[in-house]
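Coordinate inspection notes
Okay, here's what each chain looks like letter by letter:
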Amino acid sequence: MLEAIVQFTIAAAVVIGAGSVLARMADRIADLTGLGRLLIGTVLLAGATSLPELGVDISAVRAGLDDLAVGDLLGSSLFNLLILAIADLLHARRGVLFTRVSQAHALSGMLSIMLTAIVAMMLVLRPGDAMTFGGVGAGSVIVAITYILGVRMVYRDQRLAKMGAEVVESVDAAGPSHRRQLWRAIAMFGGAAAVIFIAAPFVARAAGVIADESGLGGTFIGTTLVAASTSLPELVATIAAVRMGAFDLAVGNIFGSNTFNMAMLLPIDLASNGPLLSTASRTHAATAIWVVVITSVTIMGLLYHEEKRRRFIEPDAFAVIGLVLLALATVYLAGS
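Residues numbered from 1 in each chain as written. Predicted model: local features only at pLDDT ≥ 70, side-chain atom pairs only at ≥ 80, totals over all residues. Heavy atoms only, no water.

Summing up its helical and strand segments, the protein chain has 15 helices and 2 strands in all. Counting across all 336 residues of the protein chain, residues that qualify as buried make up 53%. Taking as baseline every contact in the protein chain between residues at least 6 positions apart, the subset at least 24 positions apart corresponds to 84%. Accessible area for the protein chain stands at about 14700 Å²; split by element, carbon and sulfur atoms hold 66% of it. (Helix = DSSP H or I, 4+ residues; strand = E, 2+ residues; numbered from the N terminus. Buried < 20%, exposed > 50% of the residue type's maximum accessible area, 1.4 Å probe, protein only. Contact = heavy atoms within 4.5 Å. Areas by Shrake-Rupley, 256 points an atom, 1.4 Å probe, with all protein chains shown as cover.)

Here you go:
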């Protein structure tokens, strides 16, 4: 187990370093392109920090571990919401992520709710082989199409609200120095994303070995340990964004990662031996419903007017943390 612990420590340190670079370069790209932190966080940063789930879960379904793959995706969404709440509490001015300053993220948050609700419905209905497209379950296809349409809506909303034609003109009119800075930021972002894609699966595999050799591998704790490990890039990037004051980037990363987690069902389903949402346990529907509930509470926190709130009663970081812990407890009991 010592070897696994060393591997976990080294790989986690690499992911932490790459995640910090990822957040800084995403912020730089948002400034240089004029696309804004909300859109960059929701799509670009979220996609990069969700790469570990893709690699780990494709390996899992190829090994016949469909439940581990679906559990990791939904469990990572739960941990991402917990990360947002923790990042809010760590900031010097607590509550900054749960104010109307970030209410523009409600649209991407609602997209996350819609996609997760579709997954929950398909897990319960289990359409099976009767509704497949080239061996891929109907649920995965519906989620992928909804994701594309939803991201298009978020892009158009932000473009109409903040940018307009003048942003495109400013980028086109930029000089060579501006373009060099942009390409350098993109190259560094891509490099950091590649490092995370390579290193993060080592974190997850080492976590799995530690769970197995410590006697926790076949339990709920073992599964959640893998989900927590694949959420490490989101943790690092979100905290780095908050420390930079890039709150739109932080919130966009969390909501965007949760939507991207659901969209990844399609490539993972392609790698599986059957329709993924029909072969996975119905117990995962409970996790999906909890993700919907907690995301709804988070969006309420973004839209709620009152700045000083009653802990655990009105929507804020404490309420989100309490609900995530309750969710983990109920999902554990449902699967035991």
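So that's the structure; there's more coming.
It is worth spelling out the packing of helix 3 (residues 51-62) against helix 4 (residues 66-90) at this point. One way to put it is that helix 3 packs onto helix 4 with a least axis distance of 7 Å and a crossing angle of 160°. Classified by the angle between their axes, helix 3 and helix 4 sit roughly antiparallel to one another. Taken as a pair, helix 3 and helix 4 cross one another with a handedness that is left-handed. Touching E53, V56, D57, A60 and V61 of helix 3 are D66, L68, A69, D72, L73 and S76, all from helix 4. Each residue belonging to the contact of helix 3 with helix 4 can be placed in one class, and the counts come to 6 nonpolar, 1 polar and 4 charged. (Axes fitted to C-alpha atoms, helices over the stretch in contact; angles between N-to-C directions. Parallel < 35°, antiparallel > 145°, perpendicular 65-115°, else oblique. Left-handed = near helix turned anticlockwise from the far one by under 90°. Nonpolar A, V, L, I, M, F, W, Y, C, P; charged D, E, K, R; others polar.)

Before going further, it helps to spend a moment on the environment of I294. Looking at the element boundaries, I294 is found in helix 14 (residues 284-303). I294 gets classed as buried once you look at its relative accessible area, which sits at 0%. Between the alpha carbons of I294 and L323 there is a distance of 6.7 Å; along the sequence they are 29 residues apart. Setting aside chain neighbours within four positions, we find I294 in contact with L78, L81, V320, L323, V324 and A327.

Turning our attention to helix 10 (residues 232-243). Taking 1.5 Å per residue, 12 residues should reach 16 Å; helix 10 reaches 17 Å between its end C-alpha atoms and fits that length. Most of helix 10 is tucked away, with 9 of its 12 residues classed as buried. When we look at burial in helix 10, the residues that qualify are L232, P233, E234, V236, A237, T238, A240, A241 and V242. Downstream of helix 10 by one or two residues, G245 has phi in the positive range, about 80°. (Expected span 1.5 Å × (residues − 1).)

In this model helix 14 runs 29 Å from its N-terminal to its C-terminal C-alpha over 20 residues, within 8% of the 28 Å that 1.5 Å per residue would give. With respect to burial, helix 14 is a largely interior element, 14 of its 20 residues being buried.

This part is about the nonpolar core. The nonpolar side chains of a soluble globular protein tend to be buried with one another. Counting residues in each nonpolar core, the largest one holds 34 residues, and the members touching the most others are L22, L45, F189 and L249. The biggest single contributor to this core is helix 1 (residues 2-33), with 11 residues. Those residues in contact with L249 that lie beyond four places of it in its chain are A23, A26, D27, R37, I40, G41, L45, A241 and M244. (Core = buried A, V, L, I, M, F, W, Y, C linked by side-chain atoms within 4.5 Å.)

All right, on to the packing of helix 10 against helix 11 (residues 247-263) then. How two helices sit against one another is set out by the angle between their axes and by the gap between those axes. The geometry of helix 10 relative to helix 11 is characterised by a closest axis approach of 7 Å and an angle of 160° between their N-to-C directions. Relative to helix 11, the element helix 10 lies roughly antiparallel. Seen along the crossing, helix 10 lies across helix 11 with a hand that is left-handed. Residue-level inspection shows E234, A237, T238, A241 and V242 of helix 10 in contact with helix 11, the latter providing F247, L249, A250, N253, I254 and S257. A per-class count over the contact of helix 10 with helix 11 returns 7 nonpolar, 3 polar and 1 charged.

Next up on the list: the environment of I239. With respect to the helices, strands and loops of the structure, I239 is situated in helix 10. Since its relative accessible area comes to 25%, I239 is described here as partly exposed. For the pair I239 and G19, spaced 220 residues apart in the sequence, the C-alpha separation amounts to 9.7 Å. Apart from residues lying up to four places away in sequence, I239 is in contact with A87 and L90.

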